[in-house]
Amino acid sequence: MNRAVFPGSFDPITLGHSDIIERGSKLFDELIIAIGINADKKYMFSLEQRKQFIEEAFKDNPKIKVVTYSGLTIDFCKENDVDYILRGLRNPADFEFEKAIAHTNRHLSSIETVFLLTAARTSYISSSIVRDVIRNNGDYTKLVPKSVIVNKK
């Protein structure tokens, strides 16, 4: 079985993430959305809210599983018999950052990283932009799945 993990903080999940998840789920038998826990990071949404946003958005796709994890992504992959890490690329800066991580992961393990380019219509969206729009009471509804809109803080 071809299994991939799509790791991230998803604070919150965006339409860009959703695009990668939908397309990635067609490439793999199972796609695990792994919400990383980083004690040093301050989140806008709780871990439970972020997990709920994603589960609700993909409740009709049986190939998608949502979990939380801490530690190295490659350790999570090894513990869960996952051979691929899926990542989305929005721009050249994303590529340079993700390339360094992919090389490190490949050096430390046999896990391959698969990159998908985000769709042009969502390539400008990031969770940090969405959080800024929300903080400033802007209309964030065109940037996130409906599950985030319904469940906003």
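How each quantity is defined
- Residues numbered from 1 in each chain as written.
- Predicted model: local features only at pLDDT ≥ 70, side-chain atom pairs only at ≥ 80, totals over all residues.
- Heavy atoms only, no water.
- UniProt positions renumbered as here; feature names shortened; annotations may be inferred.
- Buried < 20%, exposed > 50% of the residue type's maximum accessible area, 1.4 Å probe, protein only.
- Helix = DSSP H or I, 4+ residues; strand = E, 2+ residues; numbered from the N terminus.
- Arc of directions from axis to C-beta.
- pLDDT = per-residue confidence, 0-100.
- Core = buried A, V, L, I, M, F, W, Y, C linked by side-chain atoms within 4.5 Å.
- Contact = heavy atoms within 4.5 Å.

In the nomenclature of an unreviewed UniProt entry, the protein is known as Phosphopantetheine adenylyltransferase of Polaribacter gangjinensis. Taken from UniProt, the Catalytic activity (unreviewed entry) comment for the protein reads in full: "(R)-4'-phosphopantetheine + ATP + H(+) = 3'-dephospho-CoA + diphosphate".

Quick look at helix 2 (residues 47–57) now. Among all positions of helix 2, only Arg-50, Phe-53 and Ile-54 are buried. The buried residues of helix 2 all sit within an arc of 90 degrees when viewed along its axis, so they share a single face.

It is worth spelling out the UniProt feature "domain: Cytidyltransferase-like" (unreviewed entry) in the protein at this point. When the UniProt feature table is mapped onto this chain, "domain: Cytidyltransferase-like" (unreviewed entry) is found at residues 5–132. Between the C-alpha atoms that bound residues 5–132 there is a distance of 27 Å. The span itself is 41% helix and 24% strand.

Another aspect to go through is the confidence of the model for the protein. Per-residue pLDDT for the protein has a mean of 94; in total, 97% of the residues score no lower than 70. For the protein, per-element mean pLDDT is lowest for helix 6 (residues 146–150), which scores 88, and highest for strand 1 (residues 3–8), which scores 98.

Right, let's get into the nonpolar core. In this structure, Phe-6, Phe-10, Ile-13, Ile-21, Leu-31, Ile-33 and Ile-54 are the most contacted members of the largest nonpolar core, which totals 26 residues. Secondary-structure elements contributing two or more residues to this core are strand 1, helix 1 (15–25), strand 2 (30–37), helix 2, strand 3 (64–70) and helix 5 (127–135). Looking at this core, the element that brings in the most residues is strand 2, giving three residues. If we skip the residues at most four places from it in the chain, Ile-13 touches Ser-18, Ile-21, Phe-53, Ile-54, Phe-58, Val-144, Pro-145 and Val-148. Among the nonpolar cores identified, the runner-up in size contains eleven residues, and Ile-32, Tyr-69, Ile-74 and Ile-85 belong to it.

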